[in-house]
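As a plain string of letters, each chain reads:
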Protein chains: 2
Amino acid sequence: MAFSKGPQAARITSTDVARAAGVSRATVSFVLNGTSTARISEETRSRVLAAADELGYVPHAAARSLRAGRSDLILLPAAVSATGRLFSDWVDDMETALGERGYTVVLHGNRSPDPVTAARAWAQLRPAAVLAMAPNSLTAEAVQVLAQAGTTAVLTIAPEPMPGVFTLLGDQSDIGRVAAEHLVSRGRRRIGVLMPTERGLSAFAEPRLAGIQRVATVHGATVTPLPMPYGGEAASALAVLCRELGLDAVFGYNDEYAALLSAALNDHGVDVPGQIAVVGADDLLLAQIVRPQLTSVRYRLPAADLIADTVDSLINRGTAEPLPSVWFEPVPRQSS
Amino acid sequence: MAFSKGPQAARITSTDVARAAGVSRATVSFVLNGTSTARISEETRSRVLAAADELGYVPHAAARSLRAGRSDLILLPAAVSATGRLFSDWVDDMETALGERGYTVVLHGNRSPDPVTAARAWAQLRPAAVLAMAPNSLTAEAVQVLAQAGTTAVLTIAPEPMPGVFTLLGDQSDIGRVAAEHLVSRGRRRIGVLMPTERGLSAFAEPRLAGIQRVATVHGATVTPLPMPYGGEAASALAVLCRELGLDAVFGYNDEYAALLSAALNDHGVDVPGQIAVVGADDLLLAQIVRPQLTSVRYRLPAADLIADTVDSLINRGTAEPLPSVWFEPVPRQSS
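Residues numbered from 1 in each chain as written. Chains lettered and ligands numbered in written order. Predicted model: local features only at pLDDT ≥ 70, side-chain atom pairs only at ≥ 80, totals over all residues. Heavy atoms only, no water.

(A) Up close: the overall build of chain A. For chain A, the count of helices and strands is 13 helices and 11 strands. Among the 336 residues that make up chain A, the fraction classed as buried is 56%. Of the contacts formed within chain A by residues at least 6 apart in sequence, a portion of 70% connects residues at least 24 apart. As displayed, chain A has an accessible area near 13,600 Å², and 51% of this comes from carbon and sulfur atoms. (Helix = DSSP H or I, 4+ residues; strand = E, 2+ residues; numbered from the N terminus. Buried < 20%, exposed > 50% of the residue type's maximum accessible area, 1.4 Å probe, protein only. Contact = heavy atoms within 4.5 Å. Areas by Shrake-Rupley, 256 points an atom, 1.4 Å probe, with all protein chains shown as cover.)

(B) Focus on the sheet that holds strand E3 (residues 129–132) of chain A. Strand order in the open sheet formed by 10 strands is E5(A)-E4(A)-E3(A)-E1(A)-E2(A)-E2(B)-E1(B)-E3(B)-E4(B)-E5(B), and the pairing between neighbours is mixed. Sheet topology places strand E5 (166–169) of chain A together with strand E5 (166–169) of chain B at the edges, where each strand pairs with a single neighbour. Taking the axes of each pair of neighbouring strands and ignoring which way they run, one obtains an average angle of 25 degrees across the sheet. In terms of strand pairing, strand E4 (residues 153–158) of chain B meets E5 of chain B through 4 bridges, oriented parallel. Residue pairing across strands places Thr156 of chain B opposite Thr167 of chain B, the latter belonging to E5 of chain B. (Pairing = 2+ DSSP bridges. Axes fitted to C-alpha atoms, helices over the stretch in contact; angles between N-to-C directions.)

(C) Inspection of the nonpolar core at higher detail. The biggest cluster of nonpolar side chains holds 164 residues, and the ones touching the most others in it are Leu131 of chain A together with Leu131 of chain B. Among all residues touching Leu131 of chain B, those that are not within four sequence positions of it are Ile74, Leu75, Leu76, Pro77, Met94, Leu98, Leu155 and Val311 of chain B. (Core = buried A, V, L, I, M, F, W, Y, C linked by side-chain atoms within 4.5 Å.)

(D) Quick look at helix H3 (residues 42–55) of chain B. Residue and element names in this part refer to chain B. Taking 1.5 Å per residue as the helical rise, H3 with its 14 residues ought to reach 20 Å, and the 20 Å between its terminal C-alpha atoms agrees with that figure. Within the sequence span of H3, burial applies to Thr44, Val48, Ala51 and Ala52. Within H3, the buried residues cover an arc of 100 degrees as seen down the axis, which keeps them to one side. Turned more than 90 degrees off the buried face of H3, the exposed positions are Glu42, Asp53 and Glu54. Taken together, the buried residues of H3 touch helix H1 (14–21) and helix H2 (25–32). One or two residues past the end of H3 sits Gly56, with phi positive at roughly 70 degrees. (Expected span 1.5 Å × (residues − 1). Arc of directions from axis to C-beta.)

(E) Summary view of the side chain of Ser14 of chain A. Residue and element names in this part refer to chain A. If you trace the backbone, Ser14 turns up in helix H1 (residues 14–21). By relative accessible area, which is 13% here, Ser14 ends up buried. In this structure, Ser14 is in contact with Arg25, Val28 and Tyr57, ignoring residues within four places of it in sequence.

(F) Representation of unusual backbone geometry. All names here are of chain A. With an omega of -5 degrees, the peptide bond running from Arg291 to Pro292 counts as cis. Position of Pro292 relative to the elements: it lies in the loop between helix H12 (286–289) and strand E10 (296–300). Positive phi, normally seen in glycine, also occurs at Asp282, with a value near 105 degrees. Inspection of the secondary structure puts Asp282 in the loop between strand E9 (277–279) and H12.

Right, dumping it as structure tokens:
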């Protein structure tokens, strides 16, 4: 297939609108940006709007925000690939809730080596708010970079409140703690922990491992981290390794990785949970689809509408009511 | 938890940088945007860069693009929730490949009722390129809106080349065709087709259904569309319905929906594939994890690096070499 440009549409600027309406560019700008301080007659306003409509002129969001001194852009740093359905459903709900409140939401796949470099990349888009929900995605210096670029609302999830950041209280290590307490209560003492090697996931995997290690220490259990890329061959190799190591339980990072390992254990004749118990996290539908059904750790963020109201309040009033903490609970099924 | 603003960082603008460096704002702009036409001494350039660094000033991407007349922003319209891992992995690869070429990629969750309204929302961000990969997400008028806003590269996947759009040739109906040919070859003649009710998926589900219907007509098979929200209760109800309708096969839209229905059929004592064969699409790892293992339809887009080179070429040279078409093939497993 050869690519051919179609009939090339000329770029339409506010100058074209001004010419068509017989007014100045400043007047076009006043009308289209709803600047209330300027006195413009209803007749002129109608003429400008008609000309803009006729020409198909779309105002430039960034130019508008430059003039108005504020942006309607809300940035969610997120690597979409590895997050799993729990987070992506939440992002979808946030897009709806913030869209209903007049904001434009964009996702920015974070590839920066550290929080300050990441914050600089986000700041270039001049978002009104940044929702940095991954653990350790912010530092004081990163928050400063955003504030200096005019971002008025920064949200995160963290175990402790962060200065200058609206913090939803929640601790990834609680997921590991809940999983480990469940396994220990079932008599398991030799626990493997899947550590995904995919980009961006160690920020979630490391605190989950730490939570497991704390429980294991109390109960004299051993903990073995097991690095795992998401793939059938790696799962197969790890299944053999789990058997060789004499593990009696594996925490599978989340339901997707746990289900993959559980299937591989089954392929290698290892009885789940007879020989090795498997626990996931996120409580996806997947946990109920696979056999044996997968024990999981359920957790829930505050509703998207609640968070959207918070963002709106932070942008417009600089303050917001506290939100409920993230909560966690075990969901025992056949695999443990 | 009460939210308290931390030490408020003052907003830093190019005026602050100009003051600190003892130069004009225009000079700051010339230096930070690398405008080559302006003659600025090395000493002045160093002073400006040092001041910007000292103050922690981050250039505004949109302001830079306004001045330079071009944007480095690439917009991918995508509802992250319902796309599934195949697409989200591809998006992740595209973000990496385009990032390596100096572009900033943002995802825009498309909530617009029609292509033109959607294009207007995208156009407000003034992207250099729009990668609108969902079927029917563009019309000639929508392409015009983008061109008028200065977007130089628009890409899509479609069965036929679209004027003014770089079209990757690929047809969602081929997924249905491949699935139906497989089922018919196994003697199935009463085919149910899952139709997800989630936002944004009918654009994929409708052509898949059409592809199945074309094959069914040729072979005297019946086709029954079955609307299904992604959830355990809906799957359970549909499993009962499939049995009542006397279906002997179900095309499950994709592997995630197909696996959910297959598990529900199993729960209701329906033998898969003995009584009802199930086929998914995307060939996710999930298809190998569930029991019975799921027959699927595999398809692949051209590599992200290849598409990124195409985008780069369209932006900088207005033209690009053709890319290979999307291809499809059946992957038979236990469920059919």
